[in-house]
Number of protein chains: 2
Amino acid sequence: MNKNYYAILMAGGIGSRFWPVSTTEFPKQFHDMLGTGETLIQKTFNRLSRIIPEENICILTHERYKDLVLEQLPRANPGQLLLEPAMRNTAPCILYASMKIRKENPDAVVLVAPSDHWIEQEEEFAANVKDCFKACAGEDILMTLGITPTFPNTGYGYIEYNRGDDKVKKVVEFTEKPTYETAKKFLEHGNYLWNAGIFIWSVKSILRAFEIFQPEMYRLFKKGELQYNTLGERTFIRKNYAAAENISIDYAILEQSDNIHVLPATFDWNDLGTWGSLYEKLPKDDSGNAVVNARTLTENASNNMIRTTGKKLVVIDGLDDYIVVEKKKVLLIYPKQKEQDIKEVLQKVKQKFGEDLI
Amino acid sequence: MNKNYYAILMAGGIGSRFWPVSTTEFPKQFHDMLGTGETLIQKTFNRLSRIIPEENICILTHERYKDLVLEQLPRANPGQLLLEPAMRNTAPCILYASMKIRKENPDAVVLVAPSDHWIEQEEEFAANVKDCFKACAGEDILMTLGITPTFPNTGYGYIEYNRGDDKVKKVVEFTEKPTYETAKKFLEHGNYLWNAGIFIWSVKSILRAFEIFQPEMYRLFKKGELQYNTLGERTFIRKNYAAAENISIDYAILEQSDNIHVLPATFDWNDLGTWGSLYEKLPKDDSGNAVVNARTLTENASNNMIRTTGKKLVVIDGLDDYIVVEKKKVLLIYPKQKEQDIKEVLQKVKQKFGEDLI
């Protein structure tokens, strides 16, 4: 395996739309959402380790998830964990990780990947990433893997690229969460891809971009140069991390740079962002019910997403298109069509019953 | 308290329409169905002990519930428990208990009462029972407490009585579970009451009736006369009980005798026979949801019966008139209108998943 290949695995999110399974204490990426026997972060780590030396996979997460990561990824050593003392979106943590990587290996090319997405065709994924690694190693470009849209989803970001025969396309523009009408037009145009939050670049290129587009943040983290990969690193990060701007890599860098390129991915992808998207990826019974960790006896019940703890028997009569999720302290019975409102439900739960349930 | 007052508390049922809360292992009467802090058998025992000396309350139950009874009724001594080695409906166990009582006190007057019904006005109940005791002590009659019907329920038995000014009325006829049309006519006629399964008679009168209408069963149990209330009783019962006919007291005696009388009860009564009847008796939130052992956050959710174990938070959107019951191994989401079908669901569960869930 190429020793210059690195990964930044993003594992600090909360996945609040997957409440009550995903909670602040135990977020989505640490759950076996698909009932496969592996948690999402385990699946992702294993997928990356097919192309990237395991010791080169940096796992970025919040301090509170340290034990969860070490427990679920026993092959990772504690030095591979980059612990955020505060939640600061993706730009600061990618900058931090990139500085560490550059210090260890200035020739590194880096894959940035979320830890909680679904990708089935691992071979295709590996081939796509390798193509990007090669492109980035030779050129000062920032790359993303774009997903061919299958429907006008208004919850994703879209990437417009220049038409042409090259495998790797030049990006024209990013559009965050368009209206339904706009999304439909994008699909008609054909030269639009979904932004899956998967990025590839050389450590040199991304740091150069930070220096240009986020000079303040760059200076903040550059101050720690001597401490990175030494015992002094924790102290420096604990002292300085919270001062970084709370901004995503998309806003901080990608939408400002004019050397972004995209490779249309050849694998199927799902962000498992909601119960509905999880439902799509699960096997169904004859009535279209997706069942995880439960036994069911259903009548007049179809297209439901059913999940319990401990193989509970679920008897349902007359529910269609519902999310039925049971765990120790919570039972959620909620229309799948309203899954985007679960975040608001969470706020109400917080107000009414306090923090311990969310 | 009058030493001649006795009670036979019937506590051998299974309450299968209250599945999954009520199970063969742990039936309805041993649950705090109303969330009051007392189980139904505890409430009933306390109600009876206001008028009947505690040591005169015989508790009839199946052998398998012995420990449950002793645990829930710590004031009862083991000698008050009459354990059925087999399920044989109400006639055999009432006969068995009556023989024991007669041997102890031939002047006894006996109240027979289910252990799993709801009665709120304890004073009224006590007054009604005392009136019956007095009537039965002086006369060779069999009495029942009849409930004034509030709607044409087709699930109950009806008692037609002779109009007249006497408090205690002569019964003309019993009708089991009439059609809706018939039930409506009964209510229009006005001289019909619901049969609540609450009976009062002297031990002499009921045994005389058994001797006349169920001579075979009478002979079977008479054989044990010498053993009753001695150490030999268990052996006799274990050997002979199963030979008794599986028949209710209504069919065996009441529908055959012509000296049945009824006192129209002046208390409110509910047999808590189904989730729906339990729902009627519970306090409701603003949307008409009855909630037991749960915390709720509901939207577009009304008239539901919601119960969990351990104060679970239940979030529901869009359910109306449902039973939502969660316990350790089972989650039931079922239309209240179809509550009578829960018995069939139970059969399906048995077939598909085995006995341990029912």
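Parameters at a glance
- Residues numbered from 1 in each chain as written.
- Chains lettered and ligands numbered in written order.
- Predicted model: local features only at pLDDT ≥ 70, side-chain atom pairs only at ≥ 80, totals over all residues.
- Heavy atoms only, no water.
- Helix = DSSP H or I, 4+ residues; strand = E, 2+ residues; numbered from the N terminus.
- Rg over C-alpha atoms; globule rule 2.2 N^0.38 Å.
- Buried < 20%, exposed > 50% of the residue type's maximum accessible area, 1.4 Å probe, protein only.
- Areas by Shrake-Rupley, 256 points an atom, 1.4 Å probe, with all protein chains shown as cover.
- Contact = heavy atoms within 4.5 Å.
- Buried area = accessible area lost by both parts, 1.4 Å probe.
- Salt bridge = Lys/Arg side-chain N within 4 Å of Asp/Glu carboxyl O.
- Polar contact = N/O pair within 3.5 Å; in protein donor to acceptor, adjacent residues only side chain to side chain.
- Pairing = 2+ DSSP bridges.
- Least-squares fit on C-alpha atoms with pLDDT ≥ 70 in both.
- Core = buried A, V, L, I, M, F, W, Y, C linked by side-chain atoms within 4.5 Å.
- pLDDT = per-residue confidence, 0-100.
- Axes fitted to C-alpha atoms, helices over the stretch in contact; angles between N-to-C directions.
- Parallel < 35°, antiparallel > 145°, perpendicular 65-115°, else oblique.
- Nonpolar A, V, L, I, M, F, W, Y, C, P; charged D, E, K, R; others polar.
- Phe/Tyr/Trp six-rings, centres within 6.5 Å; stacked < 30°, edge-to-face > 60°.
- Lys NZ or Arg CZ within 6 Å of the ring centre and 35° of its normal.

### Re the overall build of chain A
Alright, step 1. Across its full length, chain A carries 11 helices and 15 strands.
Alright, step 2. For chain A, the C-alpha radius of gyration of 21 Å lies close to 21 Å, the compact-globule estimate for 358 residues.
Alright, step 3. Counting only C-alpha atoms and orienting by the principal axes, one finds that chain A spans roughly 60 × 50 × 40 Å.
Alright, step 4. A total of 358 residues make up chain A; the buried ones form 58% of that total.
Alright, step 5. Entry remark: accessible area of chain A is about 15100 Å², with carbon and sulfur atoms responsible for 47%.

### Observations concerning the interface of chain B and chain A
How big an interface is tends to be stated in terms of the accessible area lost upon association of its parts.
Alright, step 1. On the side of chain A, 33 residues touch chain B, which itself brings 33 residues to the contact.
Alright, step 2. Where chain B abuts chain A, roughly 2800 Å² becomes buried across the two surfaces, and 61% of that area is made up of carbon and sulfur atoms.
Alright, step 3. Here chain B and chain A share six salt bridges between them.
Alright, step 4. The interface formed by chain B and chain A contains 26 residue pairs in polar contact (both at pLDDT 80 or more).
Alright, step 5. Every element with two or more residues in the side of chain B that touches chain A is listed here: strand 12 (290-299), strand 13 (305-317), strand 14 (322-327), strand 15 (330-335) and helix 11 (342-353) of chain B.
Alright, step 6. As paired strands, strand 13 (residues 305-317) of chain A and strand 15 of chain B are joined by four bridges and run parallel to one another. By the bridge assignment for strand 15 of chain B, Val-315 of chain A is matched with Leu-332 of chain B.

### Side note on the side chain of Gln-29 of chain A
Alright, step 1. Locating Gln-29 of chain A in the fold gives a position in the loop between strand 1 (5-10) and helix 1 (40-48).
Alright, step 2. In this view, Gln-29 of chain A contacts Ala-11, Gly-12, Gly-13, Thr-39, Leu-40, Ile-41, Gln-72, Ser-115 and Asp-116 of chain A; residues no more than four positions away in its chain are not counted.

### Section: the pairing of strand 10 (residues 260-264) of chain B
All names here are of chain B.
Alright, step 1. By the criterion of burial, strand 10 is predominantly enclosed, with four of the five residues buried.
Alright, step 2. As paired strands, strand 6 (residues 142-147) and strand 10 are joined by five bridges and run parallel to one another. Of the residues in strand 10, the one forming a bridge with Thr-144 is Val-262.

### Points about unusual backbone geometry
Alright, step 1. A cis amide bond links Trp-19 of chain A to the next residue, Pro-20 of chain A, at an omega of 10°.
Alright, step 2. Along the polypeptide, Pro-20 of chain A turns up in the loop between strand 1 and helix 1.
Alright, step 3. For Asn-303 of chain A, which is not glycine, the phi torsion reads 60° and is therefore positive.
Alright, step 4. Position of Asn-303 of chain A among the secondary structure elements: in the loop between strand 12 (290-299) and strand 13.
Alright, step 5. Residue Asn-303 of chain A is classed as partly exposed on the basis of its relative accessible area, which comes to 30%.
Alright, step 6. In the Ramachandran plot, Asp-321 of chain B falls in the positive-phi region, its phi being about 60° despite a non-glycine side chain.

### Observations concerning the relation of the copies chain B and chain A
Alright, step 1. Laying chain B over chain A is done by rotating through 180° and shifting 0.0 Å along the axis; what remains is an RMSD of 0.1 Å. Classification of the inter-copy transformation places it as that of a two-fold axis.
Alright, step 2. A share of 100% of the interface residues of chain B reappears at the interface of chain A, consistent with the copies meeting face to face through the same patch.

### Quick notes on the pattern of salt bridges
Alright, step 1. Scanning the model with the defined rule gives 42 salt bridges over all chains in all.
Alright, step 2. The closest approach of N and O atoms between Lys-312 of chain A and Glu-326 of chain B, which form a salt bridge, is 2.6 Å. With Lys-312 of chain A in strand 13 and Glu-326 of chain B in strand 14, this pair bridges two chains. Accessibility classification places Lys-312 of chain A together with Glu-326 of chain B in one group, the buried group.
Alright, step 3. Among the salt bridges present, the one from Asp-140 of chain B reaches Arg-208 of chain B, with a minimum N-O distance of 2.8 Å. Of this pair, Asp-140 of chain B sits in the loop between helix 4 (122-138) and strand 6 while Arg-208 of chain B sits in helix 6 (residues 203-213), and the two are 68 residues apart along the sequence.
Alright, step 4. On the basis of relative accessible area, Asp-140 of chain B is assigned to the partly exposed category, the value being 36%.
Alright, step 5. Overlapping salt bridges bring together Arg-47, Arg-50, Glu-122 and Glu-123 of chain A as one network.

### Looking at the nonpolar core
All names here are of chain A.
Alright, step 1. Ranked by size, the top nonpolar core spans 47 residues in total, and within it Ile-59, Leu-111, Leu-145 and Phe-267 carry the most contacts.
Alright, step 2. It is helix 4 (residues 122-138) that provides the largest number of residues to this core, a total of seven residues.
Alright, step 3. Beyond its immediate stretch of four places on either side in the chain, Phe-267 contacts Ile-119, Gln-121, Glu-124, Phe-125, Asn-128, Leu-145, Ile-147 and Ile-198.

### Overview of the confidence of the model for chain A
Alright, step 1. Summarising the model, chain A shows a mean pLDDT of 94, and 100% of its residues fall at 70 or more.
Alright, step 2. Confidence metrics for the complex model read pTM 0.82 and ipTM 0.81.

### A few points about the packing of helix 6 (residues 203-213) of chain A against helix 7 (residues 215-222) of chain A
All names here are of chain A.
Alright, step 1. Direction vectors running N to C along helix 6 and helix 7 enclose 120°, while the axes themselves pass 5 Å from each other. In terms of orientation, helix 6 and helix 7 fall into the oblique class. Of helix 7, the residues touching helix 6 (which contributes Leu-207, Phe-210, Glu-211, Ile-212 and Phe-213) are Pro-215, Met-217 and Tyr-218.
Alright, step 2. For the contact of helix 6 with helix 7, the per-class residue count stands at seven nonpolar, no polar and one charged.

### Some remarks on the packing of aromatic side chains
Residue and element names in this part refer to chain A.
Alright, step 1. Applying the stated rule across the entire model yields 32 aromatic pairs over all chains.
Alright, step 2. Judged by centre distance (5.7 Å) and plane angle (50°), the ring pair of Phe-30 and Tyr-65 falls under tilted. Within this pair, whereas Phe-30 is found in the loop between strand 1 and helix 1, its partner Tyr-65 is found in the loop between strand 2 (57-62) and helix 2 (66-72), the two being separated by 35 residues in sequence. The same class applies to Phe-30 as to Tyr-65, namely buried.
Alright, step 3. Look at Trp-194 and Trp-269: their rings are 6.2 Å apart centre to centre, the planes differ by 55°, and that puts the pair in the tilted class. Residue Trp-194 is located in strand 9 (residues 192-202), and its partner Trp-269 is located in strand 11 (residues 269-270); the two are separated by 75 residues in the primary sequence.
Alright, step 4. Trp-269 sits in the buried class, given a relative accessible area of 9%.
Alright, step 5. Taken together, the ring pairs in this structure connect Tyr-96, Phe-221, Tyr-228, Phe-236 and Tyr-241 into an aromatic cluster.
Alright, step 6. Its end group placed over the ring of Tyr-279, Lys-336 keeps NZ or CZ at 3.4 Å from the ring centre.

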